[in-house]
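The residues making up each chain are set out below.
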Amino acid sequence: MSRLRAAFTLLLSVALTILVTVLCSVPIILAGLIKILLPIPGVWHAVSTFCHFMMYCWCAGLAALLHLNPHLKWDVQGLEGLSKRNWYLLICNHHSWADIVVLCVILRKCIPMNKYFLKQQLAWIPFIGFACWALDMPFMRRYSRSYLLRHPERRGKDVETTRRSCEKFSRHPTTIVNFVEGSRFTEEKRLQTHSPFRNLLQPKAAGIAMALNVLGGQFDKLLNVTLCYPENDRQPFHDMLTGKLTRIVVRVDLLPVTQALHGDYINDRVFKRSFQQWLSDRWTEKDQLIDDIKAEYKNAGH
């Protein structure tokens, strides 16, 4: 009976999620067509405002769907003092597709609507890529080390893409989200990449360094978010859809954007090393925090 209920919940969750997504994304896509046909600053601003409202509706719809799971409990700390009038750079560990849902749901009323750093390949996915463009999502083009060795002329182009994406955010309060690991965590990836962390992949610093450099002092705070699913660590997104997700733990740490975080990441090797060390230190703390959360709930379960 439990398997049958899980299968039914999965079908219902997927159907309702698709329905909410279609109802919110179609107006966004139509608004994006207006941006193409009328490339006028005033029109673009009005369209962006409308698109942000529709994304808020999407987040609210996801929140309503999560309430259908009576077993789900939230453990959230650190939302005090956040404001929709501020600029934020948000960095977060990336464990599952559920991460995006969680961030949208818990932060929708606290900060400006999230804009995610997306891989350039997503821009070419029908409808999804265009909707993300209409929402002013920043696209990043990442080159592997082996590719850059074969094509040294492309060095720095990925960072230049980040610079162009971030410049338009200087006009109105924005939250830029970057999953700095660049990929969802799996134990296989951790071993393949020789990550020094137990629960995380090695973070990549270039994207957030460029965002900080381009927007300068406009970022009021840096939000260091840690997500953990202590009772559903293996497949939290699947468990979310099947109604088996029992607990979501979120820790938000507000960090000051000091002058030491501003610099030329490409040409200043001293700054590059210091920034990478700063980010690595934050990931070391995050790794320990995830261990502590898992241990806390494991002991509570006993």
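As shown above, the structure is provided for reference.
Within any chain, residue numbers begin from 1 and follow the written order of that chain's sequence. Local features are withheld for residues below a pLDDT of 70 in this predicted model, meaning they are given only at 70 or higher, and side-chain atom pairs are given and counted only at 80 or more; totals for whole chains, interfaces and linings count all residues. The side-chain values count all of the structure's non-hydrogen atoms but skip hydrogen atoms and water molecules.

Colleague: Mind laying out the packing of helix 1 (residues 2-37) against helix 2 (residues 41-66), listing which residues take part and the relevant values?
Modeller: Simply put, an axis is a line fit to the C-alpha atoms, just over the touching stretch for a helix, and the angle between two N-to-C directions goes from 0 to 180 degrees. Secondary structure follows DSSP: runs of H or I at least 4 residues long count as helices, runs of E at least 2 residues long count as strands, and numbering of each begins at the N terminus. Between helix 1 and helix 2, the shortest axis-to-axis distance is 9 Å and the interhelical angle comes to 175 degrees. Relative to helix 2, helix 1 is oriented roughly antiparallel. Any residue outside Ala, Val, Leu, Ile, Met, Phe, Trp, Tyr, Cys, Pro, Asp, Glu, Lys and Arg is labelled polar, Gly included; the first ten of those are nonpolar and the last four are charged. The class makeup of the residues in the contact of helix 1 with helix 2 is 19 nonpolar, 4 polar and 1 charged. Orientation is classified from the angle alone, with under 35 degrees giving roughly parallel, over 145 giving roughly antiparallel, 65 to 115 giving roughly perpendicular, and any other angle giving oblique.

Colleague: Before we move on, can you summarise the sheet that holds strand 1 (residues 73-77) with the specific residues and values?
Modeller: By this definition, two strands are paired if DSSP reports at least two bridges between them. One open sheet holds the 6 strands; their spatial order is 1-8-7-2-6-3, and the pairing between them is mixed. Each edge of the open sheet is held by one strand with a lone partner, namely strand 1 and strand 3 (114-116). Averaged over all pairs of adjacent strands, the angle between strand axes in this sheet comes to 25 degrees, irrespective of strand direction. Bridge count for strand 2 (residues 88-92) against strand 6 (residues 175-178) is 4 bridges, and the pairing is parallel. Note on strand 6: the bridge partner recorded for Tyr 88 is Thr 175. Of the strands in this sheet, strand 1, strand 2, strand 3, strand 6, strand 7 (221-228) and strand 8 (247-255) are in contact with helix 3 (residues 98-107), which crosses strand 3 at around 160 degrees. In what follows, residue pairs with any heavy atoms lying within 4.5 Å of each other are defined as contacts.

Colleague: Can you lay out the packing of helix 2 against helix 3 for me, pointing to particular residues and giving the numbers?
Modeller: The relative placement of two packed helices comes down to the angle between their axes together with the axis-to-axis distance. Two elements in contact, helix 2 and helix 3, have axes whose closest approach is 9 Å; the angle formed by their N-to-C orientations is 105 degrees. In this view, helix 2 runs roughly perpendicular relative to helix 3, as classed from their interaxial angle. Taking contact as the criterion, the partners of Met 55, Trp 58, Cys 59, Leu 62, Ala 63 and Leu 66 in helix 2 are, on helix 3, Val 101, Cys 104 and Val 105. Tallied by class, residues from the contact of helix 2 with helix 3 come to 9 nonpolar, no polar and no charged.

Colleague: Can you tell me about helix 1, naming the residues and giving the values?
Modeller: Between its first and last C-alpha, helix 1 extends 52 Å over 36 residues, near the 52 Å set by a 1.5 Å rise per residue. Those residues of helix 1 that sit buried are Ala 6, Ser 13, Val 20, Cys 24, Ser 25, Ile 28, Ile 29, Ala 31, Gly 32 and Lys 35. Each element contacted by the buried residues of helix 1 is listed here: helix 2, helix 4 (128-134) and helix 9 (236-242). To estimate the expected span of a helix, subtract one from its residue number and multiply by 1.5 Å. For every residue, the accessible area (1.4 Å probe, protein chains only) is compared with the maximum for its type, and the residue is labelled buried under 20%, exposed over 50%, or partly exposed between those bounds.

Colleague: Requested: an account of helix 2, with residues and values cited.
Modeller: For helix 2, spanning 26 residues, the distance from its first C-alpha to its last is 37 Å, which sits close to the expected 38 Å at 1.5 Å a residue. Along helix 2, the positions that sit buried rather than exposed are Val 47, Ser 48, Cys 51, His 52, Met 54, Met 55, Trp 58, Cys 59, Gly 61, Leu 62, Ala 63 and Leu 66. Residues of helix 2 that are buried sit in contact with helix 1, strand 1, helix 3, strand 3, helix 4 and helix 9.

Colleague: Tell me about the pairing of strand 8, residues and numbers included.
Modeller: Remember that side chains alternate between the two faces of the sheet whenever the strand is regular. For strand 8, the buried fraction is high: 7 of the 9 residues fall into the buried class. Relative to strand 8, strand 7 is paired through 7 bridges, and the arrangement is antiparallel. Directly across from Asn 224, in strand 8, lies its bridge partner Asp 253.

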